[in-house]
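Structural overview
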Amino acid sequence: MESIKPQKSLVEQVHGAILDAICDGSLAAGTAMTQDELAARLQVSRQPVMTALGLLRSQGFLVERGRRGLQVAPADRARFEAIYEFRTAIEPLAASLAARRRSADWVSRARAVVAEGRRVAAAGDAKATLQADIDFHTLVYEASGNPLILESMQTHWLHLRRSMGEVLQRPRFTQKVWKEHAAILEAIAAGDAARAAQLIGAHVREAQLRVGAELAAAERAAA
């Protein structure tokens, strides 16, 4: 018998829908959050929207815009840098362990995710590209066999999604990202722990440098 998964509450669903749109760039920084408009778009009452917006504000995804309500917060460069510093330490370990512990079934699933990621990236589907990117890295965490790695990453998952979205919203980066994913996967599949760790470390550091520089430039321009 399969376990029964509890259905998400309406507030959780509204929160997830708005957060998805922020992470994939559909709701850009500075976009005003109007309760009536959001309720109409999501086909729900204003109450779950109001609660979800309050939660997103407390999580740092929305900010006050004077007396005019809330708007999408700009990407937090300090948080972005902190997340990527953490990833540069954790992900090489995860990839190294994955190369030692991967299974044939895991390799097959990972190759399917890479193929899908390349397809949706080429199609310009930002939301699907973000999800495929998350799926790939989650597979690496899972293949490590160390539950603390997966739990640690899930603790920061909401802001991790935003930071990944910042990378993948830049079209010139996406094809290179999936080329790097493919190389990481093949190193893991070959059982080459040292190369898998080196490749994923370089992959994460380059994303940190590329997008961190753009976020810094955006902050200077806004100032």
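Residues numbered from 1 in each chain as written. Predicted model: local features only at pLDDT ≥ 70, side-chain atom pairs only at ≥ 80, totals over all residues. Heavy atoms only, no water.

Turning to the overall build of the chain, a few remarks are in order. Along the backbone of the chain there are ten helices and three strands. Counted from the first residue to the last, the chain has its helices and strands arranged as α-β-α-α-β-β-α-α-α-α-α-α-α. In summary, the chain has a C-alpha radius of gyration of 19 Å against a globular reference of 17 Å for 223 residues, a match within 12%. Residues counted as buried form 45% of the 223 residues belonging to the chain. Long-range pairs, those at least 24 residues apart, make up 76% of the contacts in the chain between residues at least 6 apart in sequence. Of the roughly 11800 Å² of accessible surface on the chain, 53% is carried by carbon and sulfur atoms. For the chain, the distance from the average position of its 29 positive side-chain charges to the average position of its 25 negative side-chain charges is 3 Å. (Helix = DSSP H or I, 4+ residues; strand = E, 2+ residues; numbered from the N terminus. Rg over C-alpha atoms; globule rule 2.2 N^0.38 Å. Buried < 20%, exposed > 50% of the residue type's maximum accessible area, 1.4 Å probe, protein only. Contact = heavy atoms within 4.5 Å. Areas by Shrake-Rupley, 256 points an atom, 1.4 Å probe, with all protein chains shown as cover. Lys, Arg positive; Asp, Glu negative; His and termini not counted. Charge placed at Lys NZ, Arg CZ, Asp CG, Glu CD.)

Once that is clear, we can look at the pattern of salt bridges. Here the structure, examined in full by the defined rule, presents ten salt bridges. A salt bridge links Arg 161 to Asp 20, with the shortest nitrogen-to-oxygen separation between them at 2.1 Å. One end of the pair, Arg 161, is in helix α8 (residues 157–168); the other, Asp 20, is in helix α1 (residues 10–23), with 141 residues separating them in the sequence. You can call Arg 161 buried: its relative accessible area is 13%. The shortest N-O distance in the salt bridge between Arg 109 and Asp 105 comes to 3.2 Å. Here Arg 109 and its partner Asp 105 are both found in helix α5 (residues 104–122), four residues apart, which amounts to about one turn of the helix. On the accessibility criterion, Asp 105 (49% relative accessible area) is partly exposed. Each of Lys 176, Glu 180, Glu 206 and Arg 210 takes part in one network of salt bridges that share partners. (Salt bridge = Lys/Arg side-chain N within 4 Å of Asp/Glu carboxyl O.)

Here the focus is the packing of α5 against helix α6 (residues 126–143). Two packed helices can be described by the angle between their axes and the distance between those axes. For the pair α5 and α6, the least separation of the axes is 8 Å and the interaxial angle reads 160 degrees. Here α5 is positioned roughly antiparallel relative to α6, judged by the angle of their axes. Crossing angle aside, the handedness with which α5 passes α6 is left-handed. Contact with α5, carried on its side by Trp 106, Arg 109, Ala 110, Val 113, Val 114, Gly 117, Val 120 and Ala 121, involves Ala 128, Thr 129, Ala 132, Asp 135, Phe 136, Leu 139, Val 140, Glu 142 and Ala 143 of α6 and no other residues of that element. Class assignment of the residues belonging to the contact of α5 with α6 gives a composition of twelve nonpolar, two polar and three charged. (Axes fitted to C-alpha atoms, helices over the stretch in contact; angles between N-to-C directions. Parallel < 35°, antiparallel > 145°, perpendicular 65-115°, else oblique. Left-handed = near helix turned anticlockwise from the far one by under 90°. Nonpolar A, V, L, I, M, F, W, Y, C, P; charged D, E, K, R; others polar.)

The next point concerns the packing of helix α4 (residues 77–101) against helix α7 (residues 147–155). Direction vectors running N to C along α4 and α7 enclose 150 degrees, while the axes themselves pass 11 Å from each other. With respect to α7, the element α4 is oriented roughly antiparallel. The crossing of α4 and α7 is left-handed. Contacts from Phe 86, Arg 87, Ile 90, Glu 91, Leu 93, Ala 94 and Leu 97 of α4 reach α7 at Ile 149, Ser 152 and Met 153.

Once that is clear, we can look at the side chain of His 159. Structurally, the position occupied by His 159 is in helix α8. A residue is classified by how much of its surface remains accessible, and His 159, at 16% relative accessible area, is buried. A polar contact of 3.4 Å, which involves the side chain of His 159, links it to the side chain of Arg 79. Residues within four places of His 159 in sequence aside, it is in contact with Gln 59, Phe 61, Arg 79 and Ile 83. (Polar contact = N/O pair within 3.5 Å; in protein donor to acceptor, adjacent residues only side chain to side chain.)

As far as function goes, none of this settles anything; it's purely spatial.
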